[in-house]
Amino acid sequence: MVASTGRSRRAQRRDDPNAGRTGDWIRLDNAVYAQLALDVTPERIVDAAHRMGVTSYINPDPAIILGALRDGVSPLEMASAYATLANNGQHKVPTAILRVRDSKGKVIWEAGAVKATQAISSGVAHVVNLILAQNVLYGTGKSAQLPDRESAGKTGTAEEFHDAWYCGYTPQVACAVWVGHPEAQIPMTNVHGISVTGGSFPAIIWQKFMSQLSQDYPVATFQDLPYDPVAWNDNFRSTHAVE
């Protein structure tokens, strides 16, 4: 499922004051994010997800930080939410049909402009973009690397390999890939000789698709737009212990 941010951008600057801070996040494990979920509170996580484009019900439990959803979400919702990151924190409701032409090519109907809402701050979106771009270069998303441009993304693998995801984006387009069995939660432990993880077939599918689609857009980076700097709190200490 693909979502466009609705604009093209040119690369302008490479320096970034957050670059040194984001590298450490790539080496953290799930226990740290579970701890963070308790600090932030599940209710705030649900609110942010809905503002970014997820429309399904999300159970407000700490485990949602690791994807433990009661009902799950669709690839369209994931593409929409990741497009919000690519769009500097601004969310646009997905539009399925942009225009309709008659047999002579004349436009007989066209969708109106979609209003953008600031779902998260531009500074937060910018930092997340840097982290997830590092994940493509050095983390679980290596198989999704594009040959000619920067991208960002996140892998996801369910317990017992029932589901596998890769959700990624360039500065102009977001795409979510889900691999699994629609009829039931069936372990994918021997697909072409491997257990399917988000970094395997989903990332490969994403890379092959986006390598072609991205050619419709100019090369851009996540450094393009100005953003409000994030106020880092170097003295923050979690009040929750995760064992």
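Residues numbered from 1 in each chain as written. Predicted model: local features only at pLDDT ≥ 70, side-chain atom pairs only at ≥ 80, totals over all residues. Heavy atoms only, no water.

Draft legend 1. Seen up close, helix H6 (residues 201–213). The terminal C-alpha atoms of H6, which comprises 13 residues, lie 18 Å apart, in line with the 18 Å expected from a rise of 1.5 Å per residue. Turning to H6, its buried residues are Pro202, Ala203, Trp206, Gln207, Met210 and Ser211. Taken end-on, H6 shows its buried residues confined to a sector of 155°, consistent with a single buried face. Facing away from the buried side of H6 by more than 90 degrees, the exposed set consists of Lys208 and Gln212. Residues of H6 that are buried sit in contact with strand E7 (163–169) and strand E8 (173–180). (Helix = DSSP H or I, 4+ residues; strand = E, 2+ residues; numbered from the N terminus. Expected span 1.5 Å × (residues − 1). Buried < 20%, exposed > 50% of the residue type's maximum accessible area, 1.4 Å probe, protein only. Arc of directions from axis to C-beta. Contact = heavy atoms within 4.5 Å.)

Draft legend 2. Summary view of a nonpolar patch on the surface. There is a patch of nonpolar side chains on the surface, built from Ile97, Val100, Ile108 and Trp109 and spanning about 380 Å² of accessible area. As for its position among the elements, valine 100 is in strand E3 (residues 99–101). (Patch = residues over 30% accessible without salt bridge, like charges linked within 9 Å, V, L, I, M, F, W, Y side chains within 5 Å. Areas by Shrake-Rupley, 256 points an atom, 1.4 Å probe, with all protein chains shown as cover. Salt bridge = Lys/Arg side-chain N within 4 Å of Asp/Glu carboxyl O.)

Draft legend 3. Geometry of unusual backbone geometry. The residue glutamate 160 is not glycine, and still its phi comes out positive at about 60°. Within the secondary structure, glutamate 160 is located in the loop between strand E6 (152–157) and E7. A residue is classified by how much of its surface remains accessible, and glutamate 160, at 53% relative accessible area, is exposed. For histidine 192, which is not a glycine, the phi torsion comes out positive at approximately 50°. Mapped onto the elements of the fold, histidine 192 is located in the loop between E8 and H6.

Draft legend 4. Region of interest: the environment of tryptophan 165. Structurally, tryptophan 165 can be placed in strand E7. Spatially, the C-alpha atom of tryptophan 165 lies 8.9 Å from that of phenylalanine 201, the residues being 36 residues apart in sequence.

Draft legend 5. Structural detail: the pattern of salt bridges. For the structure on display, the rule yields four salt bridges. Linking aspartate 47 and arginine 51 is a salt bridge whose minimum nitrogen-to-oxygen distance equals 2.9 Å. On the criterion of helical spacing, the pair formed by aspartate 47 and arginine 51 is a turn pair, its members being four residues apart in helix H3 (residues 42–52). Look at aspartate 47 and you get partly exposed, because its relative accessible area is 40%. Among the salt bridges present, the one from arginine 70 reaches aspartate 71, with a minimum N-O distance of 3.1 Å.

Draft legend 6. A look at the pairing of E6. Inspection of the sheet shows E6 paired to E7 by six bridges, in the antiparallel sense. Across the sheet, residue glycine 156 finds its bridge partner in E7, namely tryptophan 165. With antiparallel pairing between neighbouring strands as the criterion, E6 and E7 make up a hairpin whose turn holds five residues, including glutamate 160 at a positive phi of roughly 60°. (Pairing = 2+ DSSP bridges.)

Draft legend 7. Fine view of the packing of aromatic side chains. Tallied over the full model, the rule gives three aromatic pairs. Judged by centre distance (5.4 Å) and plane angle (70°), the ring pair of tyrosine 166 and tryptophan 206 falls under edge-to-face. Here tyrosine 166 is found in strand E7, whereas its partner tryptophan 206 is found in helix H6, with 40 residues between them in sequence. In this structure tyrosine 166 comes out as buried when scored by relative accessible area, which is 0%. When its relative accessible area of 0% is taken as the criterion, tryptophan 206 is described as buried. When the ring of tyrosine 169 is compared with that of phenylalanine 222, the centres are 5.4 Å apart and the planes differ by 70°; the resulting orientation is edge-to-face. Taken together, the positions of tyrosine 169 in strand E7 and phenylalanine 222 in the segment after H6 put the pair 53 residues apart, joining distant regions of the chain. (Phe/Tyr/Trp six-rings, centres within 6.5 Å; stacked < 30°, edge-to-face > 60°.)

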